[in-house]
Amino acid sequence: MSLKTSFIGLLALAYCTLQPVLCFAAEKDTAGQAIAAGKTVFEDNCSSCHGAHGTEGGAGPSLKNLKARRSGAAIAAWIKNPAPPMPKMYPSAIGDTDIKHLVIYLQSL
Ligand code: HEC
């Protein structure tokens, strides 16, 4: 990632932290609602391997501070098309809206 991209990402993050309602208004979810929805999808589909809160790990790695390792787009792409042994659950068990909420939840860990 270039410095310029990182800087724009940081600006966006700062903006979303200060103005979450504005930032997520277009999605018709507040940030809190999106995180809560993502947490539910996570508990139903992912916690068996990544831990109840995603940070404990187990058969899969801890997802704590995932946002430092992968962009939101990269997280979504991975969930849609993971490498084994992580199972592919898209699009049968989890859909596009679920993935959007999952990414927001995972970025909060
Ligand atoms: C059967 C166990 C299993 C389930 C269920 C599972 N995963 Fe995984 N996941 C893994 C394993 C194992 C890896 C590590 C794969 C690798 O590194 O090649 C992984 C890796 C990941 C990564 C990349 C981690 C990193 O540090 O870059 C993400 C993100 C992720 N999983 C999210 C999810 C989400 C979201 C779900 C639910 C929709 C889920 N996983 C369900 C086993 C699982």
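In the block above lies the structure referred to throughout.
Just so you know, these numbers come straight off a predicted model, no measurement behind them.

Participant: It is not clear to me how the nonpolar core should be interpreted in this structure. Could you clarify?
Facilitator: Most often, soluble globular proteins have nonpolar side chains that are buried together. Core analysis: the largest hydrophobic core is formed by 15 residues, its most contacted members being Phe-42, Ile-75, Ile-99, Leu-102, Val-103, Tyr-105 and Leu-106. Counting residues per element, this core draws most heavily on helix 6 (residues 96-106), at 6 residues. Residues within four places of Val-103 in sequence aside, it is in contact with Gly-72, Ile-75 and Ala-76.

Participant: Would you take a moment to explain the packing of helix 3 (residues 31-45) against helix 6 for this structure?
Facilitator: For any two helices packed against each other, one specifies the inter-axial angle together with the distance between the axes. At a closest axis distance of 7 Å, the pairing of helix 3 and helix 6 adopts a crossing angle of 105°. What the angle tells us is that helix 3 and helix 6 run roughly perpendicular. Here Ala-34, Ile-35, Ala-37, Gly-38, Lys-39, Val-41 and Phe-42 of helix 3 come into contact with helix 6, specifically with Asp-98, His-101, Leu-102, Ile-104 and Tyr-105. Along the lines of polarity and charge, the residues of the contact of helix 3 with helix 6 split into 8 nonpolar, 2 polar and 2 charged.

Participant: So what exactly am I meant to see when it comes to unusual backbone geometry here?
Facilitator: Trans is the common state for peptide bonds, and a negative phi is the common state for residues other than glycine. Here Pro-84 and Pro-85 are connected by a cis peptide whose omega angle stands at 10°. Positionally, Pro-85 belongs in the loop between helix 5 (72-80) and helix 6. Here the bond from Tyr-90 into Pro-91 is cis, since omega is 5°, no more than 30 degrees from zero. Its location among the elements puts Pro-91 in the loop between helix 5 and helix 6. The backbone of Asn-65 sits at a positive phi, close to 60°, despite the residue not being glycine. Along the chain, the position of Asn-65 falls in the loop between helix 4 (47-50) and helix 5.

Participant: Please clarify how the environment of Tyr-105 should be interpreted in this entry.
Facilitator: The residue Tyr-105 is located in helix 6 in this model. Tyr-105 sits 71 residues away from Ala-34 along the chain, and the two C-alpha atoms are 7.2 Å apart. With residues near it in sequence (within four places) discarded, Tyr-105 still touches Ile-35, Gly-38, Lys-39 and Phe-42.

Participant: How should I be thinking about the site of the ligand in this particular structure?
Facilitator: Near the ligand, the surroundings consist of 22 residues, among which Asn-45, Cys-46, Cys-49, Gly-60 and Met-86 are the closest. Counting residues per element, the ones that place at least two in the shell around the ligand are helix 4 and helix 5. In the shell around the ligand, the residues fall into 16 nonpolar, 4 polar and 2 charged.

The rules behind each value
- Residues numbered from 1 in each chain as written.
- Predicted model: local features only at pLDDT ≥ 70, side-chain atom pairs only at ≥ 80, totals over all residues.
- Core = buried A, V, L, I, M, F, W, Y, C linked by C-beta atoms within 7 Å.
- Buried ≥ 20, exposed ≤ 12 C-beta atoms within 10 Å, placed from the backbone.
- Helix = DSSP H or I, 4+ residues; strand = E, 2+ residues; numbered from the N terminus.
- Contact = placed C-beta atoms within 7 Å.
- Axes fitted to C-alpha atoms, helices over the stretch in contact; angles between N-to-C directions.
- Parallel < 35°, antiparallel > 145°, perpendicular 65-115°, else oblique.
- Nonpolar A, V, L, I, M, F, W, Y, C, P; charged D, E, K, R; others polar.
- Near = placed C-beta within 6 Å.

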